[in-house]
Amino acid sequence: MQAVSTEDIESLVEDMHYIPGHFHLDLNLNCEPAGPLRLRLRDTYLKQESLEGELEAEVGYLQSAVRNLLGFLAFHLEHLDTAEEIFSICKEDPGNLNAWANLGYVYDKLGRELDAGECVEKVSHLMGLDGGKAFQDEARLLAARCLAEQAYVHPHDVELDSEDHLRERLTAALTLYNRALSYGGPLVQKEEKRCWCFKMATIYIRLDDIVKTKADSEYSRVSHYNKGLKLLKEALELEKTQVKALTWCYIGVMLERKDEFSTVPMSIHDCGYSATDPLSCYGTAINLASDDAFTLNLLTKVFFLLGKHEMAIGICNMALNVLPDPELNWQAYCTRAKINMMLYIRDLEMVKRGHGGVPDRQKLSEARKDLDKVLSVRQGVRTHLEMAQVFYYMGVDALQESLLVDEGAVNSALVSLSHALQFEVGDSLPDLHVLRGRCLWLKGEEQNAADCFKQAVELERPGGTDTTALRCLLQALLTLFTQGGPDQSLAITQLELWVQKAEERYPEDIVKFVLRCLYRTRTAEVTELSRALIRTGRLDIVRRLLETVVPKQNKERPKATSFLFA
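These numbers come from a predicted model, not from an experiment.

A.B. asks: Mind showing me how you'd approach the overall build of the chain here?
C.D. replies: Each helix and strand counted, the chain has 26 helices and zero strands in total. Relative to its length of 566 residues, the chain is compact, with a C-alpha radius of gyration of 27 Å against a globular reference of 24 Å. Across its three principal directions, the C-alpha atoms of the chain cover 85 × 55 × 50 Å. Classification of the 566 residues of the chain by burial places 52% in the buried group. Excluding contacts between residues fewer than 6 apart, the proportion of contacts in the chain whose partners are at least 24 apart in sequence is 69%. Summing over all exposed atoms, the chain offers an accessible surface of approximately 26300 Å²; the carbon and sulfur share of this is 50%. Separation between the mean location of the 65 positive side-chain charges and that of the 84 negative ones in the chain comes to 6 Å.

So this is what it looks like as structure tokens:
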């Protein structure tokens, strides 16, 4: 292969405005972690685990996009052998620019300079440096696919905790998809182009979710809405039934949102949906997927994320009727169990607020049966954690979550949690430690429970807004104080320490909110604690508690997960 000068490569890159590979992209994964490395590795591992299920969902060249992303994540988990193996897809897909560039990066990391050099030469050749006019057209098509794969990566970045960060990644993805369409032009086959249009449409739907919560949202939403709906209209021309079914589902989602605008978006009339009912779109999607368990599972996921739980569980049942074998369709059993759990927790929360009747505990039994089937064929940290959650709710009263009714079920929950802890990231999941603490608390092991809640707080990302672990911990330490005994002074010291740590980890208004809840729900104990603190001259927490009861302007209520420490 003819040698290529650095100047030639730089000139080509400047002209084409793209560089193959993933390791130069403006992603959090390519930067130093925003928090502890342990949390970065946890998030990357979980991202990798969720993506493995999407490999089958993608079609055509986008399967290579998933594989490149999986290799990229493997590299950042320091699984270099796995990354090398995945990036070797370039041998079966020899025109994949990203795979060659990524493989060269891995070889460089491994110190295999000759192999890395061969990859660089291959990339240069595919970019069209030494080709004629005929090959230049091929190079533009490869460049377009390269850009589309890079666009696919951005929404899957880690540490996208704020809406602004997520919005940046989604916008960057749209920019890259548009560049891909521009570079490829008529060289991109219609089916491939429509797949990209479908991906862009789903991004516009996600952007619409973000923008509608902002001030002056309608003005900025209309553009996203119109572009997204028109792209979905184009995606309907896809031949693959799976994507066509999902497209009809998303069109139904968009049509449901039209009433949120003061004026109907023009794209509805432009696309011919003026008289189309969202339910008919959903019905079309379900009919298209009626004999395909995999597509039904994808539809279930969409309805589940939309909060349409009853519809989701109905489609999930259809998928299991088509393919009941848990080894081949474990995803459907997992999803049905998760929905049943969410429905039970929803009813339980309504009871706590004084609405509704006793939650249907049959949902717990059904969830357990489904998870048993999954665990018989596939072990996973999330499955064990979900099974522990089922056992936990079986062990507590259906009306008073703090009342133990079945210690055997709670012990089974602890066993499931011990299984979850055997996995690579099990010990780094805050919700696992919160649930473990709740179980130990019910068994009367208050100090062990407090230790679990401490671990959960330590594992929350700095600047986070989930108050569950902190609320559990402060209530546990308050209880240890009120129990008296020789450890009372230690409990006071621990309270001071963890309030201080909380102020370093959480936003100020979050800590004040938790302290205010603590005071309002356990006023007598907090008053007793304040007296003890005053007697010993420890006035900082007393001052903070007093500040929390001063009326403030209404602010957005911080979120808390389902197992609140009441």
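So that's the structure; there's more coming.
A.B. asks: Before we go on, may I ask you to explain the packing of aromatic side chains in this structure?
C.D. replies: The geometry of an aromatic ring pair is captured by two quantities: the separation of the ring centres and the angle between the planes. Overall, the coordinates contain twelve aromatic pairs when judged by the stated rule. Summarising the aromatic geometry, the rings of tyrosine 18 and tyrosine 183 are spaced 6.1 Å apart at their centres and angled 65° between planes, so their arrangement reads as edge-to-face. One end of the pair, tyrosine 18, is in the loop between α1 (6-16) and α2 (37-52); the other, tyrosine 183, is in helix α8 (residues 163-184), and 165 residues separate them in sequence. With centroids separated by 5.1 Å and ring planes inclined at 70°, the aromatic side chains of phenylalanine 23 and phenylalanine 72 adopt a geometry described as edge-to-face. Of this pair, phenylalanine 23 sits in the loop between α1 and α2 while phenylalanine 72 sits in helix α3 (residues 62-76); the two residues are 49 residues apart in sequence, bridging distant segments of the chain. A relative accessible area of 13% means that phenylalanine 23 is categorised as buried. One cation-aromatic arrangement involves lysine 501 over tryptophan 498; the distance from NZ or CZ to the ring centre is 4.3 Å.

A.B. asks: What should I look at first to understand the pattern of salt bridges in this one?
C.D. replies: Where charged atoms from two side chains of opposite charge come close, those side chains can pair. In this structure the tally under the stated criterion is 31 salt bridges. Across the pair aspartate 161 and arginine 461 runs a salt bridge whose closest N-O atoms are separated by 3.3 Å. Pair noted here: aspartate 161 is in the loop between α7 (133-153) and α8 and arginine 461 is in the loop between α21 (446-458) and α22 (468-482), with a separation of 300 residues, a long-range link. With a relative accessible area of 58%, aspartate 161 lands in the exposed category. For glutamate 508, the salt bridge is made with lysine 512, and the minimal N-O distance between the two is 3.2 Å. You can see glutamate 508 and its partner lysine 512 sitting in helix α24 (residues 508-521), four residues apart, about one turn around the helix. The exposure class assigned to glutamate 508 is exposed, which follows from its relative accessible area of 57%.

A.B. asks: Even after reading the chapter, I still don't get unusual backbone geometry, so can you show me in this structure?
C.D. replies: Apart from glycine, the bulk of residues carry a negative phi angle, and the bulk of peptide bonds sit in the trans form. A positive phi is found at glutamate 78, a non-glycine position, where the angle reads about 65°. Despite not being glycine, glutamate 159 shows a phi value in the positive range, around 60°. Mapped onto the elements, glutamate 159 comes out in the loop between α7 and α8. Judged by relative accessible area, glutamate 159 falls into the buried class, the value being 10%.

Parameters at a glance
Residues numbered from 1 in each chain as written. Predicted model: local features only at pLDDT ≥ 70, side-chain atom pairs only at ≥ 80, totals over all residues. Heavy atoms only, no water. Helix = DSSP H or I, 4+ residues; strand = E, 2+ residues; numbered from the N terminus. Rg over C-alpha atoms; globule rule 2.2 N^0.38 Å. Buried < 20%, exposed > 50% of the residue type's maximum accessible area, 1.4 Å probe, protein only. Contact = heavy atoms within 4.5 Å. Areas by Shrake-Rupley, 256 points an atom, 1.4 Å probe, with all protein chains shown as cover. Lys, Arg positive; Asp, Glu negative; His and termini not counted. Charge placed at Lys NZ, Arg CZ, Asp CG, Glu CD. Phe/Tyr/Trp six-rings, centres within 6.5 Å; stacked < 30°, edge-to-face > 60°. Lys NZ or Arg CZ within 6 Å of the ring centre and 35° of its normal. Salt bridge = Lys/Arg side-chain N within 4 Å of Asp/Glu carboxyl O.

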